[in-house]
Amino acid sequence: MTDCLFCKIRDREIPGDIVYENNHVLAFNDINSVAPTHILIIPKEHIPTLNDLEENHTQTMGELFLAAKAIASKEGLSDSGYRTIFNCNEDAQQTVFHIHLHLIGGRKMTWPPG
Ligand code: 5GP
Ligand code: ZN
């Protein structure tokens, strides 16, 4: 997908503050951080929204969460806690249409989310 911001970060066409990478996923700091740690974890494959998930994405989705666990540990968040979020479409305020798992931590959060 040539016109996708996160594909361009994946392909190093635009800069990203990359913190983690393996064969399946890439993770980089969010440009507009809402907490001391705010990292976006994306599949290397372009998948626009959660609605586009297929059976063959099962491993990729697991890899996103394994990456979240590893990054949270590296950031020292495993015990204090952290939040993982996928936003899907307008009501959830998805703005970049390449799925991404937000990993947010480093401060006390509230529930329910706004
Ligand atoms: P969404 O609202 O789609 O769930 O989240 C998109 C996220 O991407 C937002 O938190 C936003 O700050 C972040 N973002 C938007 N543009 C860029 C960018 O160019 N670089 C990085 N690193 N993050 C971005
Ligand atoms: Zn993409």
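Residues numbered from 1 in each chain as written. Chains lettered and ligands numbered in written order. Predicted model: local features only at pLDDT ≥ 70, side-chain atom pairs only at ≥ 80, totals over all residues. Heavy atoms only, no water.

**Q** Would you mind going over the site of ligand 1 in detail, with residue names and values included?
**A** Neighbouring ligand 1 are 16 residues; Asp30, Asn87, Gln93, Thr95 and His102 lie closest to it. One nitrogen or oxygen atom from the main chain of glutamine 93 is found 2.8 Å from an oxygen atom belonging to ligand 1. A distance of 2.7 Å is found between an oxygen atom of ligand 1 and a backbone nitrogen or oxygen belonging to threonine 95. Counting residues per element, the ones that place at least two in the shell around ligand 1 are α1 (5-10) and β2 (25-29). Looking at the shell around ligand 1 element by element, the count peaks at three residues for α1. In terms of residue class, the shell around ligand 1 is made up of seven nonpolar, eight polar and one charged. (Near = heavy atom within 4 Å. Polar contact = N/O pair within 3.5 Å; in protein donor to acceptor, adjacent residues only side chain to side chain. Helix = DSSP H or I, 4+ residues; strand = E, 2+ residues; numbered from the N terminus. Nonpolar A, V, L, I, M, F, W, Y, C, P; charged D, E, K, R; others polar.)

**Q** An account of the coordination of the zinc ion (ligand 2) is requested, with residue identities and associated values reported.
**A** Around a metal, the perfect tetrahedron of four donors has angles of 109.5 degrees, and the perfect octahedron of six donors has angles of 90 or 180 degrees. The coordination sphere of the zinc ion (ligand 2) contains the protein donors Cys4 (SG), Cys7 (SG), His46 (ND1) and His98 (ND1), at a distance range of 2.0 to 2.3 Å. If you look at the zinc ion (ligand 2), its four donor atoms make angles of 107 to 117 degrees with each other, and the shape they trace is tetrahedral. Spacing between the donor residues of the zinc ion (ligand 2) along their common chain follows C-x2-C-x38-H-x51-H. Of the two residues, histidine 46 is situated in the loop between β3 (37-43) and α2 (58-74) and histidine 98 in the loop between β4 (82-85) and β5 (101-105); the sequence distance between them amounts to 52 residues. (Donors = N, O, S within 2.8 Å, 3.2 Å for Na, K, Ca; no water. Tetrahedral: all angles 85-135°; square planar, octahedral: opposite > 155°, others 65-115°.)

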